[in-house]
Every structure is written in structure tokens, then in C-alpha cells.
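An overview of the molecular structure
Residue-level listing of the chains:
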Amino acid sequence: MNLPDLDRYDRAILNHLAADGRISIADLARRIGLSKTPTQARLKRLEATGIITGYRALVDPIRLGLDHVAFVEVRLSDTREKALAEFNAAVRRIGEVEQAHMIASNFDYLLKVRTHSMTEYRTVLAERISSLPHVSSTSTFVAMEAVKEPGMLGALESVT
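Structural notes, computed from the coordinates. (Residues numbered from 1 in each chain as written. Predicted model: local features only at pLDDT ≥ 70, side-chain atom pairs only at ≥ 80, totals over all residues. Heavy atoms only, no water.)

With respect to the overall build of the protein
Helix and strand counts for the protein come out as five helices and four strands. Overall, the protein shows an N-to-C arrangement of helices and strands of α-α-α-β-α-β-β-α-β. In terms of C-alpha radius of gyration, the protein reaches 20 Å, well past the compact-globule figure of 15 Å for 160 residues. Taking the principal axes of the C-alpha coordinates as reference, the protein spans close to 55 × 40 × 25 Å. Buried residues in the protein amount to 32% of all 160 residues. Contacts in the protein between residues far apart in sequence, at least 24 positions, make up 68% of those at least 6 positions apart. A total accessible area of about 10,700 Å² is found for the protein, and carbon and sulfur atoms account for 53% of it. Side-chain charges of the protein comprise 21 positive and 20 negative groups, with the mean position of each set lying 5 Å from the other. (Helix = DSSP H or I, 4+ residues; strand = E, 2+ residues; numbered from the N terminus. Rg over C-alpha atoms; globule rule 2.2 N^0.38 Å. Buried < 20%, exposed > 50% of the residue type's maximum accessible area, 1.4 Å probe, protein only. Contact = heavy atoms within 4.5 Å. Areas by Shrake-Rupley, 256 points an atom, 1.4 Å probe, with all protein chains shown as cover. Lys, Arg positive; Asp, Glu negative; His and termini not counted. Charge placed at Lys NZ, Arg CZ, Asp CG, Glu CD.)

In C-alpha cells, the structure reads:
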């Protein structure tokens, strides 16, 4: 897949929106050094091409008491396409699974699971994750501290 044709203004728009999705067009235009009309046109193009897929509120999970984070390695008993599709569909329905990634390793998936406590995590693991289609085994790693979380587009600066 080719990289989209993004110039410095497009990248600046994306960086400012990633930091503050509620910024006004006028403020965004001022910060990137364009007038409102071309800034708005660029924003609409970024939305229309699917580079910007939506806007949402970032919620602090710690303030909601969701401070237990575990990473779970999942090994499947079957990795044919039908089995992968069944697992993918089922894992999407578990609200506590914040992220799920298929991995090229000696295990098949890495899940990021967020709960209120170890007790709640054990229940989610035992009753929901372990009973997902084709799961043969899991290994858990508990996070002690989040050093860097997703959200900012630092890697975008290297896109030319």
C-alpha cells in the first residue's frame, strides 16, 4: 500500500487533531499557517480519504478504576483462516479486551486486557478469553506501569 500524499500542512493538521480533536478550524488554521478555507478543505479531504476515521473522547481509564492491565499471549489450536475469523469475531465481543493483535511469533495473538482488579481479570480470563474459539493456551503478563500509551502521532513526523 502506498503512503498517502501528505504534505507538511496535512501532517500538521493530523498532529494538532491528535493532540486536541476539539480544536476549532480557526485555531487549527492559525497553528498550521493557512487560512480557514484551505485548512477546512484539507480536513475534509483527510476525512473523505479515510485518513481521519472519526473523532472521540479520550477517557482516563485510571480515573474510572480500570488500572489493572494484563497482556495475554494466546495460542490457538487451529490457525486456518476459518478458525482465525471465528477467534477474531469472538474476541471483538469482549469489552475488557482493549486491543487484540495477531502476532508472528511462537504464539498467535497478543491481547491487552483492562480490568478493575486481578480478581476481575482472573474471571475474564477463565470465563471469556479461555473459552474463545480454538484457544489452546494463554500466558499472562501484568503491567506495572504504562510508560507510553497510544494517541499521539509521533511516527508521522518521519513520513515524507
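Having seen the structure, we can now continue with the description.
A look at the pattern of salt bridges
Under the defined criterion, the tally for this structure stands at 11 salt bridges. For Glu 98, the salt bridge goes to Lys 112, with nearest N and O atoms at 2.9 Å. Separated by 14 residues along the polypeptide, Glu 98 in strand β2 (residues 97–102) and Lys 112 in strand β3 (residues 109–115) bring together distant segments of the chain. By relative accessible area, Lys 112 is classed as buried at 6%. Linked by salt bridges that have partners in common, Asp 7, Asp 10, Arg 42 and Arg 45 make up one network. (Salt bridge = Lys/Arg side-chain N within 4 Å of Asp/Glu carboxyl O.)

Describing the sheet that holds β3
The sheet built from four strands is open, its strands ordered β2-β3-β1-β4 with antiparallel pairing. Pairing within the sheet leaves two strands with one partner each, and these edge strands are β2 and β4 (135–142). Direction aside, neighbouring strands of the sheet carry axes that sit 20° apart on average. Here seven bridges tie strand β1 (residues 68–76) to β3, and the two strands are oriented antiparallel to one another. Looking at β3, one finds that Val 69 is bridged to Arg 114. The sheet strands contacting helix α4 (residues 81–92) are β1, β2, β3 and β4, and the helix crosses β3 at an angle near 15°. Across the sheet, helix α5 (residues 118–129) touches β1, β2, β3 and β4, and the angle it forms with β3 is around 135°. (Pairing = 2+ DSSP bridges. Axes fitted to C-alpha atoms, helices over the stretch in contact; angles between N-to-C directions.)

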